[in-house]
Amino acid sequence: MVITRSKDYVVGLGVRPFKAFMNRYWYPSLSRRLQAENLTCLNYGYEEDPPMGLPLEQSEEANRYGIQLYHEVATQADLASKQVLEVSCGHGGGASYLARMLHPASYTALDFNADGIALCRKTHNVQGLEFVHGDAESLPFDDESFDAVINVEASHAYPRLARFLGEVVRVLRPGGHFLYADFRGESEFHDWDAALAETGLRQVSQRVINPEVLRGMNNNAQRSRDMIDQLLPAPVRPFGRRFAGVPGTGIYRVFENGKAEYRMYCFTKE
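Our subject in this report is the structure included herewith. (Residues numbered from 1 in each chain as written. Predicted model: local features only at pLDDT ≥ 70, side-chain atom pairs only at ≥ 80, totals over all residues. Heavy atoms only, no water.)

**Here's the deal with the sheet that holds strand β3 (residues 83-87)**
1) Next: Strand order in the open sheet formed by seven strands is β5-β4-β3-β6-β7-β9-β8, and the pairing between neighbours is mixed. Every interior strand has two partners, whereas the edge strands, β5 (129-133) and β8 (202-208), have only one. Across the sheet, the mean angle separating the axes of adjacent strands is 15 degrees when strand polarity is ignored.
2) Next: Sheet analysis places β3 next to strand β4 (residues 106-111), joined by five bridges and oriented parallel. When the bridges of β4 are listed, Val87 appears paired with Leu110.
3) Next: Docked against the sheet, helix α6 (residues 189-197) engages β7 (172-185) and β9 (260-268), running at close to 5 degrees with respect to β9. (Pairing = 2+ DSSP bridges. Helix = DSSP H or I, 4+ residues; strand = E, 2+ residues; numbered from the N terminus. Axes fitted to C-alpha atoms, helices over the stretch in contact; angles between N-to-C directions. Contact = heavy atoms within 4.5 Å.)

**Some points on the nonpolar core**
1) Next: Counting residues in each nonpolar core, the largest one holds 44 residues, and the members touching the most others are Leu79, Tyr107, Ile150, Phe255 and Tyr262.
2) Next: For this core, the element with the most residues is helix α2 (residues 64-74), which contributes five residues.
3) Next: Setting aside residues no more than four positions away along its own chain, Tyr262 makes contact with Tyr44, Leu69, Glu153, Ala181, Asp182, Phe183, Arg207, Val208, Ile209, Asn210, Val213 and Phe255. (Core = buried A, V, L, I, M, F, W, Y, C linked by side-chain atoms within 4.5 Å. Buried < 20%, exposed > 50% of the residue type's maximum accessible area, 1.4 Å probe, protein only.)

**Some points on the pattern of salt bridges**
1) Next: Following the criterion strictly, the structure yields 16 salt bridges and no others.
2) Next: We note a salt bridge from Glu186 to Lys259, for which the minimum N-O separation is 3.7 Å. Separated by 73 residues along the polypeptide, Glu186 in the loop between β7 and α6 and Lys259 in the loop between α9 (250-257) and β9 bring together distant segments of the chain.
3) Next: Within this structure, Glu57, Glu60 and Arg100 form a network of salt bridges that share partners. (Salt bridge = Lys/Arg side-chain N within 4 Å of Asp/Glu carboxyl O.)

**Topic: the pairing of strand β6 (residues 146-152)**
On a regular strand, one side chain projects to one face of the sheet and the next to the other, so that they alternate.
1) Next: Taken across its seven residues, β6 has six buried, putting it largely inside the fold.
2) Next: Two strands pair when backbone bridges link them, and β3 and β6 are joined in this way by three bridges, in the parallel orientation. When the sheet's bridge partners are listed, Leu85 is paired in β6 with Val149.
3) Next: A crossover connection joins β6 to the parallel β7 through helix α5 (residues 161-171); in handedness this β-α-β unit is right-handed. (Right-handed = clockwise from strand over helix to strand, strands pointing away.)

**Thoughts on the environment of Gly94**
1) Next: Following the sequence through the fold, Gly94 ends up in helix α3 (residues 93-101).
2) Next: Note on Gly94: relative accessible area 0%, which makes it buried.
3) Next: A sequence separation of 53 residues divides Gly94 from Cys41, and the C-alpha atoms of the two residues are 6.2 Å apart.
4) Next: Contacts of Gly94, omitting those with residues within four sequence positions, involve Thr40, Cys41 and Tyr70.

**Looking at unusual backbone geometry**
1) Next: The step from Asp49 to Pro50 runs through a cis peptide bond, and the omega angle for that step is 5 degrees.
2) Next: Note that Pro50 resides in the loop between α1 (16-33) and α2.
3) Next: In this structure, Ser81 takes a positive phi of about 65 degrees despite not being glycine.
4) Next: Here Ser81 is to be found in the loop between α2 and β3.
5) Next: Ser81 sits in the exposed class, given a relative accessible area of 60%.
6) Next: Positive phi values are uncommon outside glycine, yet Ser88 reaches one of about 70 degrees.
7) Next: Checked against the element boundaries, Ser88 lands in the loop between β3 and α3.

**Overview of the packing of aromatic side chains**
1) Next: Overall, the coordinates contain 15 aromatic pairs when judged by the stated rule.
2) Next: The interplanar angle of 20 degrees and the centroid separation of 5.9 Å between the aromatic rings of Phe178 and Phe267 together place this pair among those described as stacked. On the criterion of sequence distance, the pair formed by Phe178 in strand β7 and Phe267 in strand β9 is long-range, its members being 89 residues apart. For the pair formed by Phe178 and Phe267, the shared burial category is buried.
3) Next: Between Phe255 and Tyr262 the ring centres are 6.0 Å apart and the planes differ by 50 degrees, which places this aromatic pair in the tilted class. Taken individually, Phe255 and Tyr262 each receive the classification buried, so the pair is uniform in this respect.
4) Next: Joined through ring pairs, the aromatic side chains of Tyr158, Phe164, Phe178, Tyr180, Trp192, Tyr265 and Phe267 make up one cluster. (Phe/Tyr/Trp six-rings, centres within 6.5 Å; stacked < 30°, edge-to-face > 60°.)

**Let's talk about the side chain of Asn210**
1) Next: Relative to the elements of secondary structure, Asn210 occurs in helix α7 (residues 210-231).
2) Next: Judged by its relative accessible area of 6%, Asn210 is buried.
3) Next: Looking at Asn210, its side chain comes within polar contact range of the main-chain oxygen of Ala260, at 2.9 Å.
4) Next: Within polar-contact distance, the side chain of Asn210 engages the backbone nitrogen of Tyr262 at 2.8 Å.
5) Next: If we ignore the near neighbours within four places in the chain, the residues touching Asn210 are Phe255, Gly258, Ala260, Glu261 and Tyr262. (Polar contact = N/O pair within 3.5 Å; in protein donor to acceptor, adjacent residues only side chain to side chain.)

Set out below in structure tokens:
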């Protein structure tokens, strides 16, 4: 999640040096600090009204809302017996859940953060699940090698979104699905829509999920505050709260007032 705040407005940072700093230093530092905290889903979360009640193992309850977001995104297509790629898997909690519950033939989970991949390999031992260190803008896979590509709350951090989307199209087989969720501020909607349209993928569905994400933020709030206070030095705690989407911070408010949209998509390659 790479965001900044200006007059309570969210802007996905288009400044490549800042994104490079986040990818090179912030995310690895976060992985090292969180190894003992069982934070395996690095997203804002998702909850419905009434609650989803998704059946989870006891060890997954702490990450319930992040897993529910993965479930909603991934179940837009049938992944049973399919070869699936997740780009930017974070700490692997979503990958582990989907690999166990949706029964793909294989599930490959890639992330640019080498420390995060090391944590994934240490934490998640699931048959058919492989963790790979790699770059979303230069995927280390052959053309047309996957039936589905999943990307959850990560593409706003990529320096070149068009390169990532081009890689998605390249590695997808005809008939395959791109299952995607992310957010942008309203000043970015036009460029975001244009980049997605230029892929040539057919859009099957799109849904704005701000209310569900806000419920996830609310339900995660106390845990986020506790971890930030415990793990981060005092000078960077305000940034940590904004990064984590703690209620009352800028990102929470712009989702609440609609100046940013969190969208969920399903595309197919024809």
